[in-house]
Amino acid sequence: MTHAAMEMLSRFMLLTVFTFASAGTHAQDQNADIYGQWKIKDMIGMGAVASLSEHQARKLIGKTLFISAERYEFNGQVCSNPLYNRSRENPVTYFDREWHTGIEGIPFPNPVTIIEVTGCDYLYPIRRDHLMIAEDGVFFEAVRIKSWSKKPASHSRP
């Protein structure tokens, strides 16, 4: 191998190392915006397929919701290593098709982000530090009370 070829190979290898190193430091968890501790503020609606009574649903107001990369916990249900599947749709079309309900009075962005917590619940960011959670067909507004910027394994739960 010639000296020029060796120098070119060395530069390529160095560039590759820097590229992978910077990719790791700039990688962002797409769900970091929802990680944290949330508190149920109010019940804001019921779908046609709700399995909770209004009385049962109102008992959830004030309860805490924990969302992290490793754990999702609400209403006695714990999902370890949850999958957060995101999609975006027109809110009117989506709620009519999936929940058989209208969304009058709920301040959704259009398109709305739908986050399916596989096997657990559905989350819908409404605005900064506010999200809607669908629990057994009942819609609640949750307000962030503590944010976790990284994996919450380093954060203790009360």
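Reading the values: the criteria
- Position numbers for residues start from 1 in each chain and track the written sequence from start to end.
- Selection of residues for local features in this predicted model requires a pLDDT of at least 70, selection of side-chain atom pairs for listing and counting requires 80 or more, and totals for whole chains, interfaces and linings are taken over all residues.
- Side-chain numbers come from the whole structure's heavy atoms, not from hydrogens or water.
- Only DSSP runs of H or I reaching four residues or more are called helices, and only runs of E reaching two or more are called strands; each is numbered from the N terminus.
- Exposure categories follow from relative accessible area, calculated using a 1.4 Å probe and restricted to protein chains: below 20% of the type maximum is buried, above 50% is exposed, and the middle band is partly exposed.
- Polar contact is the term for a pair of N or O atoms within 3.5 Å; when the atoms are in protein, one must be able to donate a hydrogen and the other to accept it, and sequence-neighboring residues count only if both atoms are side-chain atoms.
- The contact definition used throughout considers only heavy atoms, calling two residues in contact when any of these lie within 4.5 Å.
- Here, a salt bridge means any side-chain nitrogen of Lys or Arg that lies within 4 Å of a carboxyl oxygen of Asp or Glu.

Caption draft 1: Molecular detail of the side chain of Glu141. With respect to the secondary-structure elements, Glu141 resides in strand S9 (residues 138-147). On the basis of relative accessibility, which here comes to 11%, the residue Glu141 falls in the buried class. A polar contact of 2.7 Å, which involves the side chain of Glu141, links it to the side chain of His130. Not counting the four nearest positions on each side in its chain, Glu141 is found in contact with Lys39, Ile40, Lys41, Asp42, Ile44, Ile126, Arg127, His130 and Leu131.

Caption draft 2: Geometry of the pattern of salt bridges. According to the stated counting rule, one finds 8 salt bridges in the structure shown. Between Asp42 and Arg58 there is a salt bridge whose closest N-O contact spans 3.9 Å. Of this pair, Asp42 sits in strand S1 (residues 36-46) while Arg58 sits in helix H2 (residues 54-58), and the two are 16 residues apart along the sequence. Residue Asp42 is classed as partly exposed on the basis of its relative accessible area, which comes to 32%. Through salt bridges with shared partners, a single ionic network connects Asp42, Glu54 and Arg58.

Shape is all these values report; function is a separate question.
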